[in-house]
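# Commentary on secondary and tertiary structure
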Amino acid sequence: MMNRAMAGAFTRWLEMSDEAARMKALLKKVGMKLMMRNLSGAFQRWAEMTEEAIEMRVKLTRFARKLMNSTLVGAFERWAEMAEEAKNMRGLLKKVAMKMMNRAMAGAFTRWLEMSDEAARMKALLKKVGMKLMMRNLSGAFQRWAEMTEEAIEMR
């Protein structure tokens with residue numbers, strides 16, 4: 001009885017295993033069909049876009065030929081010349097502005113150097129005056145000490 005139950009369980013397991021393998025293969029096949037359908041759609045869209053691009057190129061070529069043969073060509077050439085001249089003028093104005101700015105910066109730097117030199121000169125002068133005042137006070141104190149020492153020696 002036990003063998004029969006085990007054999008039945010094994011048989012069911014085999015059936016389920018076979019069914020799972022069959023389902024897996026079926027899902028794989030369906031997945032490939034879906035993927036191919038998507039790839040086919042992408043290719044179709046690419047082909048349509050390529051065809052549209054070719055048509056657009058042909059139309060633009062025709063338009064360019066008509067444009068070259070019309071009076072618009074002269075106007076376009078004048079516009080192109082004016083645009084080029086404006087571009088050149090912008091470049092010249094930029095150079096002039098840079099020169100002016102460099103001159104202003106050089107002037108400011110020169111003024112800063114002059115002020116820095118003047119500040120250093122003033123600092124040295126103040127130090128010299130301070131030293132003279134200090135020496136005068138020290139000189140007076142020394143003079144007074146010398147006099148007091150002399151008086152002390154005389155009083156002995």
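Let me sum up the structure you'll find in this document. (Residues numbered from 1 in each chain as written. Predicted model: local features only at pLDDT ≥ 70, side-chain atom pairs only at ≥ 80, totals over all residues. Heavy atoms only, no water.)

### Topic: the overall build of the protein chain
When its secondary structure is counted, the protein chain shows two helices and zero strands. With the C-alpha coordinates aligned to their principal axes, the bounding extent of the protein chain is approximately 145 × 95 × 10 Å. For the protein chain, with 156 residues in total, the buried portion stands at 1%. Here the protein chain holds 30 positive side-chain charges and 18 negative ones, and the gap between their average locations is 8 Å. (Helix = DSSP H or I, 4+ residues; strand = E, 2+ residues; numbered from the N terminus. Buried < 20%, exposed > 50% of the residue type's maximum accessible area, 1.4 Å probe, protein only. Lys, Arg positive; Asp, Glu negative; His and termini not counted. Charge placed at Lys NZ, Arg CZ, Asp CG, Glu CD.)

### Structural notes on a nonpolar patch on the surface
A cluster of nonpolar side chains, Met23, Leu26, Val30 and Leu34, forms an exposed patch at the surface whose accessible area comes to about 330 Å². With respect to the helices and strands, Met23 occurs in helix α1 (residues 2–68). You can call Met23 partly exposed: its relative accessible area is 38%. (Patch = residues over 30% accessible without salt bridge, like charges linked within 9 Å, V, L, I, M, F, W, Y side chains within 5 Å. Areas by Shrake-Rupley, 256 points an atom, 1.4 Å probe, with all protein chains shown as cover. Salt bridge = Lys/Arg side-chain N within 4 Å of Asp/Glu carboxyl O.)

### Looking at the packing of aromatic side chains
According to the stated counting rule, one finds two aromatic pairs in the structure shown. Their ring planes at 25 degrees and their centres at 5.9 Å tell us that Phe10 and Trp13 sit as a pair that is stacked. Taken together, the residues span about one helical turn, with Phe10 and Trp13 both in helix α1 at a distance of three residues. When sorted by exposure, Phe10 lands in the same class as Trp13, which is exposed. (Phe/Tyr/Trp six-rings, centres within 6.5 Å; stacked < 30°, edge-to-face > 60°.)

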